[in-house]
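Geometric and topological summary
Below, each chain spelled out in residue letters.
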Amino acid sequence: EAEVAQSPRYKITEKSQAVAFWCDPISGHATLYWYRQILGQGPELLVQFQDESVVDDSQLPKDRFSAERLKGVDSTLKIQPAELGDSAMYLCASSLELRGDIQYFGAGTRLSVL
Amino acid sequence: GIQVEQSPPDLILQEGANSTLRCNFSDSVNNLQWFHQNPWGQLINLFYIPSGTKQNGRLSATTVATERYSLLYISSSQTTDSGVYFCALTGTASKLTFGTGTRLQVTL
């Protein structure tokens with residue numbers, strides 16, 4: 001069964017360092033999402049792509065976070081510099097279509113900022 | 001934006017018991033999904049159910065869109081059912097809005 005691939009699974013970094021997460025969606029899925037989940041809460045959307053275009057990045061802290069999906073396939077989420085409050089699970093999801101479609105999630109990257 | 005409330009927030013069951021989890025939402029929906037988040041953080045799709053009723057083994061779900069709620073039924077619970085159950089949905093936007101979750105613990 002096709003899956004959303006994410007790496008790394010775990011990342012420990014010190015504050016002020018740069019970190020990057022990678023996501024490869026299910027083949028053929030045009031829509032890709034990055035969510036952040038703080039411990040004890042539900043995931044919240046950071047950024048959404050349709051092919052290589054950003055559809056929604058209204059909740060992305062753009063002073064330190066960036067995301068790209070250059071060829072409309074895999075995607076990278078970067079944080080620079082990392083802050084203590086960035087410790088969370090970062091989840092990538094993909095769907096075949098933009099609206100009303102099933103979203104499939106990867107296993108996530110658990111980030112700890114020391 | 002759309003509001004999503006889940007109840008109960010916490011639930012402890014003995015193995016073999018049945019349970020019902022509820023999800024209330026504030027607006028019409030295009031997509032409603034139920035997820036199980038396991039102890040390793042993986043979100044596992046249980047149901048895609050913007051309306052109607054579906055069953056998969058010991059699990060079933062019903063969404064009554066006109067009354068703005070969805071229910072997840074777990075029958076004959078097992079210890080492997082433990083974890084957090086999330087209801088998530090989209091309204092006019094395509095992003096999923098998650099509820100606060102129900103934390104389920106199944107004991108022997």
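Everything discussed here concerns the structure shown above.
First things first, this report covers the structure right here in the doc. (Residues numbered from 1 in each chain as written. Chains lettered and ligands numbered in written order. Predicted model: local features only at pLDDT ≥ 70, side-chain atom pairs only at ≥ 80, totals over all residues. Heavy atoms only, no water.)

**Points about the overall build of chain B**
On a plain count of helices and strands, chain B comes out with zero helices and eleven strands. Listing the helices and strands of chain B from first to last along the sequence gives β-β-β-β-β-β-β-β-β-β-β. In terms of C-alpha radius of gyration, chain B reaches 13 Å, essentially the compact-globule figure of 13 Å for 108 residues. For the C-alpha atoms alone, the extent of chain B along its principal axes is close to 45 × 25 × 20 Å. The long-range share in chain B, meaning contacts at least 24 apart out of those at least 6 apart in sequence, stands at 54%. Summing over all exposed atoms, chain B offers an accessible surface of approximately 5100 Å²; the carbon and sulfur share of this is 48%. Of the side chains in chain B, 6 bear a positive and 6 a negative charge, and the two mean positions are spaced by 6 Å. (Helix = DSSP H or I, 4+ residues; strand = E, 2+ residues; numbered from the N terminus. Rg over C-alpha atoms; globule rule 2.2 N^0.38 Å. Contact = heavy atoms within 4.5 Å. Areas by Shrake-Rupley, 256 points an atom, 1.4 Å probe, with all protein chains shown as cover. Lys, Arg positive; Asp, Glu negative; His and termini not counted. Charge placed at Lys NZ, Arg CZ, Asp CG, Glu CD.)

**With respect to the state of the cysteines**
Two cysteines, two sulfur atoms, one covalent bond between them: this is a disulfide. Residues and elements named next belong to chain A. In this structure the tally under the stated criterion is two disulfides over all chains. Here Cys23 is linked by a disulfide to Cys92, with a sulfur-sulfur distance of 1.9 Å. Between Cys23 and Cys92 the disulfide shows an S-S torsion of about -70°. By sign, it is left-handed. Of this pair, Cys23 sits in strand E3 (residues 19-24) while Cys92 sits in strand E9 (residues 88-95), and the two are 69 residues apart along the sequence. Exposure remark for Cys92: the relative accessible area of 0% places this residue in the buried category. (Disulfide = S-S within 2.5 Å. Buried < 20%, exposed > 50% of the residue type's maximum accessible area, 1.4 Å probe, protein only.)

**A closer look at the sheet that holds strand E1 (residues 5-7) of chain A**
All names here are of chain A. Pairing is antiparallel across the open sheet formed by four strands, whose spatial order is E1-E3-E8-E7. In this open sheet, the two strands that pair with only one neighbour each are E1 and strand E7 (65-68). The mean inter-strand angle of the sheet, taken between neighbouring strand axes irrespective of direction, is 15°. Inspection of the sheet shows E1 paired to E3 by three bridges, in the antiparallel sense. Counted as the bridge partner of Ser7 is Trp22 from E3. (Pairing = 2+ DSSP bridges. Axes fitted to C-alpha atoms, helices over the stretch in contact; angles between N-to-C directions.)

**Some thoughts on the packing of aromatic side chains**
Each aromatic ring pair is described using two quantities: the centre-to-centre distance and the angle formed by the ring planes. Residue and element names in this part refer to chain B. Going through the model one piece at a time under the given rule, you end up with eight aromatic pairs over all chains. Seen from their ring centres, Phe86 and Phe98 are 5.9 Å apart, and the 85° between their planes marks the pair as edge-to-face. You can see Phe86 sitting in strand E9 (residues 83-90) and its partner Phe98 sitting in strand E10 (residues 97-98), a full twelve residues away along the chain. In this structure Phe98 comes out as buried when scored by relative accessible area, which is 9%. Sitting above the plane of the Tyr69 ring, Arg22 keeps its charged end 4.3 Å from the centroid. (Phe/Tyr/Trp six-rings, centres within 6.5 Å; stacked < 30°, edge-to-face > 60°. Lys NZ or Arg CZ within 6 Å of the ring centre and 35° of its normal.)

**Considering the pattern of salt bridges**
One pass over the structure, following the stated rule, counts four salt bridges over all chains. Of the charged contacts, one joins Asp86(A) and Arg64(A) as a salt bridge, the two residues approaching to 2.6 Å between their closest N and O atoms. You can see Asp86(A) sitting in the loop between strand E8 (75-79) and E9 and its partner Arg64(A) sitting in the loop between strand E6 (53-56) and E7, a full 22 residues away along the chain. Its relative accessible area of 3% is what places Asp86(A) among the buried residues. The buried category is assigned to Arg64(A), whose relative accessible area is 12%. With a shortest N-O distance of 2.9 Å, Asp81(B) and Arg58(B) are connected by a salt bridge. (Salt bridge = Lys/Arg side-chain N within 4 Å of Asp/Glu carboxyl O.)

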